[in-house]
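Residue strings, one per chain:
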Amino acid sequence: MGLELYLDLLSQPCRSIYIFARSNNIPFEFKHVELFKDSVLGKRPAAGSGAEQPRAGPSNSEGTGKVSLLKKVPALKDGDFTLAECTAILLYLSRKYNTPDHWYPSDIQKRARVDEYLSWHHANIRANAPKTMWIKVLIPLFTGQPLPSEKLQEVMEGLSASLKQFEERFLQDKAFIIGSEISLADLVAIVELMQPVGVGCDIFEDRPRLMEWRRRVEDAVGKELFFQAHEMLLNIKELSNIQIDPQLKEQLAPVLMKMLK
């Protein structure tokens, strides 16, 4: 049995794994998992009204639970071996397939810089960037009403502070986070920062250093691959056409609201 990756490209960690595997020509079977399944969201828009997804076959949502004990994506299955968590999967792939050294350098200090960013990322960039999607698209979809603009402003202020640290502490005047070549740190960062872009919050505007870094990352992995991976995200507003069952709204809306407290 070959390598299987269970992914939903609306998820930023899934996109990082997808881009990494494709850009390094790692052979794998793409097991498409829909985080927002028909059984959860209700009826989908008519065929042709939404964004075209990568050719991944039918949804494998049920199979994810058998692969990942955490029952979430991303998940990896390599023969009898299974693995969860984005960073663990990226490191596994880089080691097994002996990908170019710049992704996760053998130099102990450069590697430590990658580790440093990945540790910082979760409590900073990742703590704020995904909330833009929940505020602007997903919570209104389930509750039937928009959140107060103050909530988005609060999240954007937190994200702005994190971006300032990102530029001053990690990016500085370098081409990439650890120097002249792309690393796993850049990949994990860029997919997260595209999340606000997908819902109309262009965080790269008025940040020329950040924009130039984004362009270098796109060039390093290939623009075609980069935008293929982000196609569903950049069409996320198509979800607003889905009709949600009233009972599901009643059950899920309070849970989603708590996520932003």
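Under an unreviewed UniProt entry, the name given to the protein is glutathione transferase, and the organism recorded is Tachuris rubrigastra. Recorded in UniProt under Sequence similarities (unreviewed entry), the annotation for the protein is "Belongs to the GST superfamily. Theta family." The UniProt entry for the protein carries the following comment under Subunit (unreviewed entry): "Homodimer."

### Points about the layout of surface pockets
In this structure, the largest pocket occupies an estimated 740 Å³ of space. Breaking the lining of the largest pocket down by element, the ones donating at least two residues are helix H1 (12-23), helix H4 (86-96), helix H5 (108-123), helix H6 (125-128), helix H7 (131-143) and helix H9 (184-198). Counting the residues that make up the lining of the largest pocket, at least three belong to each of domain 1 (3-43 + 59-101) and domain 2 (105-260).

### Concerning the sheet that holds strand E1 (residues 3-7)
Pairing is mixed in the open sheet, where 4 strands are placed in the order E2-E1-E3-E4. What marks the edges here is a single partner per strand, and that holds for strand E2 (29-32) and strand E4 (81-84). With direction set aside, neighbouring strand axes in the sheet form an average angle of 20°. Where E1 meets strand E3 (residues 75-78), 4 bridges bridge the pair, whose relative direction is antiparallel. Paired with Glu 4 across the bridge in E3 is Lys 77.

### Topic: the nonpolar core
Judged by nonpolar contacts, the single largest core of 75 residues is most densely connected at Tyr 117, Phe 166, Ile 190, Leu 193, Phe 204 and Trp 213. Lining this core are residues from two domains, each supplying at least three of them: domain 1 (3-43 + 59-101) and domain 2 (105-260). Those residues in contact with Trp 213 that sit more than four places away from it in its chain are Phe 166, Leu 171, Ala 175, Phe 176, Asp 186, Ala 189, Ile 190, Leu 193 and Phe 204.

### Looking at the pairing of E3
For a regular strand, the rule is simple: side chains alternate between the two faces of the sheet. Where burial is concerned, the two faces of E3 agree: the one with Ala 75 and Lys 77 and the one with Leu 76 and Asp 78 are both buried. In this structure, E3 lies alongside E4, joined through 4 bridges in antiparallel fashion. Residue pairing in the sheet places Asp 78 in a bridge with Phe 81 of E4. As consecutive antiparallel partners, E3 and E4 are separated by 2 residues, and within that stretch Gly 79 has a phi angle of approximately 70°, a positive value.

### Description of H4
The complete set of buried residues in H4 reads Cys 86, Ile 89, Leu 90, Leu 91, Leu 93 and Ser 94. Buried residues along H4 sit in contact with E1, H1, E3, E4 and H9. With its phi angle positive at about 45°, Asn 98 sits one or two positions after the end of H4.

### Overview of the state of the cysteines
Under the defined criterion, the tally for this structure stands at 0 disulfides. Here Cys 86 is not cross-linked by a disulfide; its sulfur's nearest cysteine counterpart is in Cys 14, at 7.9 Å.

### Considerations on the pattern of salt bridges
Under the criterion given, the structure shown has 12 salt bridges. Note that Lys 31 and Glu 29 form a salt bridge whose closest N and O atoms lie 3.1 Å from each other. A relative accessible area of 41% places Glu 29 in the partly exposed class. In this structure, Glu 212 engages Arg 215 in a salt bridge whose closest nitrogen and oxygen atoms are separated by 2.7 Å. Of this pair, Glu 212 and Arg 215 both sit in helix H10 (residues 208-221), 3 residues apart, roughly one helical turn. With a relative accessible area of 37%, Glu 212 lands in the partly exposed category. Salt bridges here are not isolated pairs; linked through shared partners, they connect Arg 214, Glu 218, Asp 219 and Lys 223.

### Considerations on H7
Here H7 is 13 residues long, yet its end C-alpha atoms lie only 16 Å apart, well below the 18 Å a rise of 1.5 Å per residue gives. Where H7 bends most, at Val 137, the angle is about 35°, and the proline Pro 140 comes one to four residues later. Among the residues of H7, those classed as buried are Thr 132, Met 133, Ile 135, Val 137, Leu 138, Ile 139, Pro 140, Leu 141 and Phe 142. Positive phi appears at Gly 144, one or two residues downstream of H7, with a value of about 80°.

### Here's the deal with the packing of aromatic side chains
One pass over the structure, following the stated rule, counts 10 aromatic pairs. With a centroid separation of 5.2 Å and an interplanar angle of 90°, the aromatic rings of Tyr 117 and Phe 170 are classed as edge-to-face. With a gap of 53 residues between them, Tyr 117 in helix H5 and Phe 170 in helix H8 (residues 149-171) connect regions that are remote in the sequence. Tyr 117 gets classed as buried once you look at its relative accessible area, which sits at 0%. Ring centres 4.8 Å apart and planes at 50° place the aromatic pair Trp 120 and Phe 170 in the tilted group.

Parameters at a glance
Residues numbered from 1 in each chain as written. Predicted model: local features only at pLDDT ≥ 70, side-chain atom pairs only at ≥ 80, totals over all residues. Heavy atoms only, no water. UniProt positions renumbered as here; feature names shortened; annotations may be inferred. 1 Å grid on protein atoms, 1.4 Å probe; cavity = no way out; pocket = protein on both sides within 12 Å on 5 of 7 lines; lining within 4 Å. Points joined across faces, edges and corners; volume = space filled by probe spheres on them. Helix = DSSP H or I, 4+ residues; strand = E, 2+ residues; numbered from the N terminus. Domains from an automatic or database assignment. Pairing = 2+ DSSP bridges. Axes fitted to C-alpha atoms, helices over the stretch in contact; angles between N-to-C directions. Core = buried A, V, L, I, M, F, W, Y, C linked by side-chain atoms within 4.5 Å. Buried < 20%, exposed > 50% of the residue type's maximum accessible area, 1.4 Å probe, protein only. Contact = heavy atoms within 4.5 Å. Disulfide = S-S within 2.5 Å. Salt bridge = Lys/Arg side-chain N within 4 Å of Asp/Glu carboxyl O. Expected span 1.5 Å × (residues − 1). Bend = angle between axes of the 7 residues up to and from the residue. Phe/Tyr/Trp six-rings, centres within 6.5 Å; stacked < 30°, edge-to-face > 60°.

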